[in-house]
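Structure assessment
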Amino acid sequence: MTLTPQVSVVIPVYNEGEAIVPCLERILRAVMMPAEILVVHDMPEDTTVPYALEVQARDPRVRPVLNTYGRGPANAIRFGIDVARAPVAVVTMADGSDDPRQIEDLARLVERGVVVAAASRYMPGGQQVGGPRFKRALSRTAGRTLYMFARVGTRDATNSFKAYSTAYVRQVGIESKTGFEIGIELTAKAARLRLPVAEIPTIWLDRQLGESRFDVGRFLPSYLKWYRFAFGRRLSMEQVAKRPASSAARDDAQAARANQSGNVSGSLSSNHEAVQN
């Protein structure tokens, strides 16, 4: 019998190749609670897949999943959270920037009642090492102003390394479809709903593996949209749920979970037949 995981770790990937192996091994060593590690790829031929399957053969907690929402990191993260089987989803990157030892700390904050738990580079005890200077300045300014004036509950709303209540995400929906702005979207929605958000300090290291694909010019308009959204009067869950894009996102999520359940059932059936034969 397969145990329900306590935390789903969502990793969006794009042609990471062999570099995914040390990333997964660090996470598997660090996470002791029941977990599934979702390696979310956009295409079957992604170079990450064969290496992820090799790790899966040694540790079944690893689960490569094919994103069917469309290419790009936002769609991959959205898909990963939608098919997560645990009540808590932690999004982390494949590049070695995030500290996997903090996955459990973030997950436990959600278990205690917050809907978003952020790993913060900009609170006391946090630090950002490396990365483009302009990007660092934008991120720090956005984080501090959102914390002080919109009272979003974290000084690092733009960081992707966060834990979420999957029930909360499925209630509000995810509208982002461009880059990594999901982190600020879900934080801004929690702020407008007056739901609890918490943070812990983290030391973020510039990408250690592979090449960064973050394009400030391309992703900035989406970040600005959610930055502005964070400021405003309190909204009810019904008001957020009625947003057209949120409703469409929830429809996608239901279809994705149904499809994943079918794939798992089909896979189990095929394995059973193979054993019988």
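The following refers to the structure shown. Nothing here was measured: the structure is a model prediction, and the numbers come from that model. Per chain, residues are indexed from 1 in the order of the written sequence. The model is predicted, so local features are restricted to residues of pLDDT at least 70 and side-chain atom pairs to those at 80 or more, both for listing and for counting; the totals for chains, interfaces and linings are taken over all residues. Water and hydrogen atoms play no part in the side-chain values, which are based on all heavy atoms of the structure.

**So, helix α2 (residues 48-58)**
Cut-off, in case you're wondering: Accessible area is worked out with a 1.4 Å probe on protein chains only. A residue is then buried under 20% of its type maximum, exposed over 50%, and partly exposed in between. Each helix is a run of H or I in the DSSP string that is no shorter than four residues. Each strand is a run of E no shorter than two, and both are numbered from the N terminus. Working note: the arc is built from the helix axis to C-beta atom directions. Two residues form a contact once any of their heavy atoms are found within 4.5 Å.
Thr-48, Val-49, Ala-52 and Val-55 are the residues of α2 that are buried. Seen from one end, α2 has its buried residues packed into an arc of 125°, which puts them on one side. Pointing more than 90 degrees away from the buried face of α2 are the exposed residues Ala-57 and Arg-58. Among the structural elements, α1 (20-30), β2 (35-41) and β3 (62-66) are those in contact with the buried residues of α2.

**Focus: the sheet that holds strand β7 (residues 162-165)**
The test is simple: Strands are treated as partners if at least two bridges between them are detected by DSSP. To get an axis, fit a line to the C-alpha atoms, keeping to the stretch in contact for a helix; angles then go from 0 to 180 degrees between the N-to-C directions.
Strands sit in the order β3-β2-β1-β4-β7-β5-β8 across an open sheet of 7 strands; the sheet is mixed. Of all the strands in the sheet, the pair left with one neighbour each is β3 and β8 (197-201). In this sheet, adjacent strand axes meet at a mean angle of 20° when their direction is disregarded. Bridge count between strand β4 (residues 88-91) and β7: 4 bridges; the pairing is antiparallel. Bridge pairing links Ala-89 to Tyr-164 in β7.

**Some thoughts on helix α3 (residues 73-83)**
Within α3, 11 of the 11 residues are buried, leaving the element largely enclosed by the surrounding structure. Along α3, the residues that are buried comprise Pro-73, Ala-74, Asn-75, Ala-76, Ile-77, Arg-78, Phe-79, Gly-80, Ile-81, Asp-82 and Val-83.

**Details of the pairing of β7**
Regular strands have side chains that alternate between both faces of the sheet. Because side chains alternate across β7, one face comprises the buried residues Lys-162 and Tyr-164, and the other comprises Ala-163 and Ser-165, equally buried. Here 3 bridges tie strand β5 (residues 116-120) to β7, and the two strands are oriented antiparallel to one another. Following the sheet pairing, Ala-117 is matched in β7 by Ala-163.

**With respect to the pattern of salt bridges**
Rules: The rule for a salt bridge is simple: a side-chain nitrogen of Lys or Arg has to be within 4 Å of a carboxyl oxygen of Asp or Glu.
Within this structure, the stated rule accounts for 11 salt bridges. We note a salt bridge from Asp-99 to Arg-101, for which the minimum N-O separation is 3.0 Å. The class for Arg-101 is exposed, based on a relative accessible area of 63%. Here Asp-156 and Arg-121 are joined by a salt bridge, their closest N and O atoms 2.7 Å apart. Of this pair, Asp-156 sits in the loop between α5 (133-150) and β7 while Arg-121 sits in the loop between β5 and β6 (127-129), and the two are 35 residues apart along the sequence. Residue class for Asp-156 comes out buried when judged on its relative accessible area of 0%.

**Description of the nonpolar core**
To keep it simple, the criterion reads: For this analysis, a nonpolar core means a set of buried residues of the types Ala, Val, Leu, Ile, Met, Phe, Trp, Tyr and Cys, connected via side-chain atoms within 4.5 Å.
Counting residues in each nonpolar core, the largest one holds 44 residues, and the members touching the most others are Ile-81, Tyr-168 and Leu-186. Elements that contribute at least two residues to this core include exactly β2, α3, β4, α5, α6 (166-172), α7 (182-193), α8 (216-229) and α10 (244-276). In terms of residue count, the dominant contributor to this core is α7 (7 residues). Beyond its immediate chain neighbours, meaning those up to four positions away, Tyr-168 contacts Val-115, Val-116, Leu-186, Lys-189, Ala-190, Leu-193 and Leu-195. By size, the runner-up hydrophobic cluster in this structure holds 33 residues, among which are Val-7, Leu-24, Val-90 and Leu-106.

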